[in-house]
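Structural characterization, general
Single-letter residue listing:
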Amino acid sequence: MAHNTGRVSTWWGNVLVGKILTPVGLVLFLSGTVLAMVEVFRRYVFGVSFMWQQDMVVVSLLCGISLYFTVSQWERSHISVTAVAEFIARKKSPARIRAVQIINAVADAWTGVFISLLFIWGLPLVFDYKRLGIRLQSQVIEFWPFFLVFVLALAPLALTYFLHAYQGFRRSDLG
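The following refers to the structure shown. (Residues numbered from 1 in each chain as written. Predicted model: local features only at pLDDT ≥ 70, side-chain atom pairs only at ≥ 80, totals over all residues. Heavy atoms only, no water.)

Let's talk about helix α5 (residues 144-152)
Buried residues of α5: Phe146, Phe147, Phe150 and Val151, and no others. Within α5, the buried residues cover an arc of 140° as seen down the axis, which keeps them to one side. The inward-facing, buried residues of α5 abut α2 (53-74), α4 (94-132) and α6 (154-170). (Buried < 20%, exposed > 50% of the residue type's maximum accessible area, 1.4 Å probe, protein only. Helix = DSSP H or I, 4+ residues; strand = E, 2+ residues; numbered from the N terminus. Arc of directions from axis to C-beta. Contact = heavy atoms within 4.5 Å.)

Following this line, the structure appears as C-alpha cells:
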C-alpha cells in the first residue's frame, strides 16, 4: 500500500502539480497581469477601455491564484502557524518529533475534509450560477465558468492535503 501511495504521490507532484497546475496557474496569473497593464495603458494614454477588461483581470488573477494554492501546499511553501509544533519540538526527542508529525497530519486531514466540503458545496452553485445567468460586474461575461475553475481547483488541493496527512500518519515523505 505504501509503495502504491508513493507512486501516486510521485505522479501527483511531478505530473499534475508540476506539469499541469503550475503552468496553467502561471499563464492565468500572467495573462491577468498583462491584461491589467494593457488596461492601464489604454485608459490613461487613449482614454478608453474595454468594458470587460477589468472583470477579466480580476477573474484570471483569482483563477491562477486558486490553482496555485495546490502548488504551494504541495511544496509546503504556504504561510503556516507553527508555534505549538515548535514549542513541542524545542526539546528534540523521537516522541516529541512524532507528536509534531501527528499534529500536522491531523491538521492536514481536517483541512482536507474542510476543502472537500467546500468542493461539494460549490459544485451545485456552479449549475445555479449558469441556470440563473449570473454575470460579472460589467454584465458582459457570465460568472459560472470562472467559478467552475475556483471549485475544480479545490479538488487537487483537498487531495494534496490528504496525501500530506497520510505521509504524516505513516512517518513517510512521499512527495
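Further notes follow.
Re α2
For an α-helix the count is 3.6 residues per turn, leaving residues at separations of three or four pointing the same way. The end-to-end C-alpha separation of α2 is 32 Å, in line with the 32 Å expected for 22 residues at 1.5 Å each. Taking the largest bend as the criterion, α2 deviates by roughly 25°, centred on Tyr68. Just downstream of α2 lies Arg76, where phi reads positive at about 55°. (Expected span 1.5 Å × (residues − 1). Bend = angle between axes of the 7 residues up to and from the residue.)

Re the packing of α5 against α6
Where α5 meets α6, the axes come as close as 4 Å, and the angle between the chain directions of the two elements is 5°. Taken together, α5 and α6 sit at an angle that is classed as roughly parallel. The residues of α6 that touch α5, namely those facing Phe150, Val151 and Leu152, are Leu154, Ala155 and Pro156. (Axes fitted to C-alpha atoms, helices over the stretch in contact; angles between N-to-C directions. Parallel < 35°, antiparallel > 145°, perpendicular 65-115°, else oblique.)

A look at the pattern of salt bridges
Counted according to the given criterion, the structure contains three salt bridges. The residue Glu39 makes a salt bridge to Arg43 at a minimum N-O spacing of 2.3 Å. With Glu39 and Arg43 both in helix α1 (residues 2-46) and four residues apart, the pair spans about one turn of that helix. Residues Arg131 and Asp128 are paired through a salt bridge, measuring 3.3 Å at the closest nitrogen-oxygen approach. One end of the pair, Arg131, and the other, Asp128, are both in helix α4, three residues apart, so they sit about a helical turn from each other. With relative accessibility at 61%, the residue Arg131 sits in the exposed group. Residue class for Asp128 comes out partly exposed when judged on its relative accessible area of 28%. (Salt bridge = Lys/Arg side-chain N within 4 Å of Asp/Glu carboxyl O.)

Focus: the nonpolar core
Formed by Val59, Cys63, Leu125, Val126, Leu136, Ile141, Phe143, Phe146, Phe147, Phe150 and Val151, the largest nonpolar core amounts to 11 residues. For this core, the secondary-structure elements that each account for two or more residues are α2, α4 and α5. One finds Trp12, Val17, Val71 and Trp74 within the second-largest nonpolar core, a separate group that totals nine residues. (Core = buried A, V, L, I, M, F, W, Y, C linked by side-chain atoms within 4.5 Å.)

Looking at the packing of aromatic side chains
Tallied over the entire structure, the rule returns seven aromatic pairs. Their ring planes at 50° and their centres at 6.4 Å tell us that Phe143 and Phe150 sit as a pair that is tilted. A single burial state applies to Phe143 and to Phe150, both of which are buried. Each ring, one from Phe147 and one from Phe150, has its centre 6.4 Å from the other, and the planes form 85°; the classification is edge-to-face. Here the residue Phe147 and the residue Phe150 both occupy positions in helix α5, the gap between them amounting to three residues, near one helical turn. Taking the relative accessible area as the measure of exposure, Phe147 reaches 14% and is therefore buried. (Phe/Tyr/Trp six-rings, centres within 6.5 Å; stacked < 30°, edge-to-face > 60°.)

A few points about the side chain of Gln53
Mapped onto the fold, Gln53 is located in helix α2. The class for Gln53 is buried, based on a relative accessible area of 0%. Discounting residues that sit within four places of it in the chain, Gln53 has contacts with Leu35, Val38, Glu39 and Arg42.

Spatial relationships are all this shows, so hold off on functional conclusions.
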